[in-house]
Amino acid sequence: MSRILFFNIPAHGHTNPTLGMVRELVRRGHQVRYYSYEPMREKIEDTGAAFIACDSFDRERHLSAKDAARVGKDLAFSVEILTDTTLALEEMVRRDVGRFKPDCIVADSMAVWGKAAALKYGIPFVSSTTTFAFNQYSSKIMGRRMREAFAFLLAMPKVGRQIKRLKNHGYPIKNVLDILQNDNDTHTIVYTSPEFQPCADTFSDKYAFVGASVRPAREEIVKTRDKLLYISMGTVNNDMLPFYEQCIRALAGTDYQVLLSVGNAVDARKLEELAECLLADNLRTGSLYKGNPQMESLSEEIYADITVYREVDQVGVLKKADVFLTHCGMNSVNESLYFGVPLVMLPQTSEQRGVARRAAELGAGILLESAEPAAVLKAVRRVTQEKAFGENAGKISEGFRKCGGAERAADKILEVIDIS
């Protein structure tokens, strides 16, 4: 029996892909301790792993909404947060390493405190990467803008100060790439397929492309129309009330079934009222079913066209969806393509733009030209009407399903332990 420590950040998109792998390790009789945060407790404990709460130790859980929006966009600020968290968790991790004596540490690529601990204590390490794997070849898909490149250079002095703090605590960190990037000598699990991963042939055999890790659906979604459109901008930067309103204006006069998941940052009731108002107007004027003598008997069905939720069982929805309008977080795109659902894409960050660019390159979706209602409706209709988008999404799905999934990911970790 092996002893394994997992480290992760408080994000569903980074946690969900690991759950099947952890469950498989526990099923095989291995002991797993998973360091994470209270919002993730239930889903982690459901795998059979021991959950270790980090909330009281680090700064990340106490960020304001404004600060949270900076993470991932401001390199210096992000590295400062990662450094603060590493040092805040240092004593607890040191004690547990001494008591538990792990055979391996597995850490999300953003949970650098896990990687730092493995380096410091000489413990075999596996990186869990929920984005594409990056090297000098694949990183070109990110299409870094000149403004972003300039900001990166400006951040270097501040980043250097954080690297020095880590060195002063005995962590063998040389530069920012040691924190944020894996090289070909780092054992890495990537939750995508070689076909979807850009430049997959440029990575060493230490990289295991295990396919999309998709949990079972928790809820059965009822499909009421021929075409089901699912809209979600993720769980982090989703304060996008004007965009959601534009989507409702675009789709209220159509025969799509629309499920809109908006999170807690906006007033869902306002969106519900807008949908009801527009749908009532369609009913009153007959613009939706003009000339249909049975229009009055369809009133309930008309009102069921657009439903607004704070959250949904995304896997359950995608099992039934025909198109997904998404921010292009890697986890969301993986889940969509796993079920062969093509994409309409409105990325918000460099990472998301890279994912969107790859999906478009493989013909599994299109980028939204603008947030105007006409552009939204045009994109949705094109993706649902042109069969090639669904066919190409289906090809990616086939690639995901033949990669081995959670079992292959568990095998990778045990292989690293065996050769160490």
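Here the structure is shown first, and the text comes after it.
Here the residue index of a chain counts from 1 through its sequence in written order. Thresholds applied to this predicted model are a pLDDT of at least 70 for local features of residues and 80 or more for the giving and counting of side-chain atom pairs; totals over whole chains, interfaces and linings are not thresholded and use all residues. With hydrogens and water excluded, all non-hydrogen atoms of the structure serve as input to the side-chain values.

1. Here's the deal with the overall build of the protein chain
In terms of helices and strands, the protein chain carries 16 helices and 13 strands. In this scheme, a residue with accessible area under 20% of its type's maximum is buried, one over 50% is exposed, and one in between is partly exposed, where area comes from a 1.4 Å probe on protein chains only. Counting across all 420 residues of the protein chain, residues that qualify as buried make up 54%. Note on contacts: a residue pair is in contact if any heavy atoms of the two residues lie within 4.5 Å. Contacts in the protein chain between residues far apart in sequence, at least 24 positions, make up 67% of those at least 6 positions apart. Total accessible area on the protein chain is roughly 19300 Å²; 50% of this is exposed by carbon and sulfur atoms. Comment: elements are numbered from the N terminus, with helices defined as DSSP H or I runs of at least four residues and strands as E runs of at least two. We get accessible surface area from the Shrake-Rupley algorithm with a probe of 1.4 Å; when it comes to residues, only the shown protein chains can shield them.

2. Looking at helix 13 (residues 350-361)
When the terminal C-alpha atoms of helix 13 are compared, their 16 Å separation across twelve residues agrees well with the 16 Å that a helix rising 1.5 Å per residue should span. Those residues of helix 13 that fall on the buried side of the exposure criterion are Q352, R353, G354, V355, A356, R358 and A359. Following helix 13 by one or two positions, G363 adopts a phi angle in the positive range, close to 75°. The span one expects for a helix is its residue count, reduced by one, times 1.5 Å.

3. Brief notes about the side chain of S332
For S332, the location among the structural elements is in helix 12 (residues 330-338). Its relative accessible area of 9% is what places S332 among the buried residues. With residues up to four places along the chain from it excluded, the contact list for S332 reads Q314, L318, F324, T326 and H327.

4. Re unusual backbone geometry
Positioned with a positive phi, K101 is a non-glycine residue whose angle comes to about 50°. Looking at where K101 falls in the secondary structure, it is placed in the loop between helix 4 (75-100) and strand 4 (104-108). With phi around 75°, C328 is a residue other than glycine that occupies positive phi space. Here C328 is to be found in the loop between strand 11 (323-326) and helix 12.

5. Let's talk about the sheet that holds strand 7 (residues 207-209)
When DSSP finds two or more bridges between a pair of strands, those strands are recorded as paired. What the seven strands build is an open sheet, ordered 3-2-1-4-5-6-7; its pairing is parallel. Of all the strands in the sheet, the pair left with one neighbour each is strand 3 (50-53) and strand 7. Within the sheet, the average angular offset between the axes of one strand and its neighbour, ignoring direction, is 20°. Bridging between strand 2 (residues 31-36) and strand 3 involves four bridges; their strand directions are parallel. Counterpart to Y35 in the pairing with strand 3 is I52. Contacts between helix 5 (residues 112-121) and the sheet are confined to strand 1 (3-7), strand 4 and strand 5 (125-129), with strand 4 contributing the most and set at about 155° to the helix. Where helices are involved, their axes are fitted lines through C-alpha atoms of the stretch in contact, as for all axes, and angles between N-to-C directions lie from 0 to 180°.

6. Some thoughts on the side chain of D84
Here D84 lies in helix 4. At 2.9 Å, the side chain of D84 forms a polar contact with the side chain of R165. Here a polar contact is recorded for every N or O atom pair within 3.5 Å, except that within protein the pair must consist of a potential hydrogen donor and a potential acceptor, and residues adjacent in sequence are included only if both atoms are side-chain atoms.

7. Quick notes on the nonpolar core
Considering soluble globular proteins, one finds that nonpolar side chains tend to be buried as a cluster. Grouped together as the largest cluster of nonpolar side chains are 34 residues, with contacts concentrated most on F243, Y244 and L325. The set of elements that each furnish at least two residues to this core consists of strand 8 (228-232), helix 8 (241-251), strand 9 (257-261), helix 9 (268-285), strand 10 (306-309), strand 11 and helix 14 (373-385). The dominant element in this core, judged by the number of residues it contributes, is helix 8, at six residues. Discounting residues that sit within four places of it in the chain, F243 has contacts with M233, L325, L346, L368, A371 and V376. As used here, the term nonpolar core means buried Ala, Val, Leu, Ile, Met, Phe, Trp, Tyr and Cys residues forming a set that is joined through side-chain atoms within 4.5 Å. Core analysis: the second largest hydrophobic core is formed by 26 residues, A212, I221, C328 and A393 among them.

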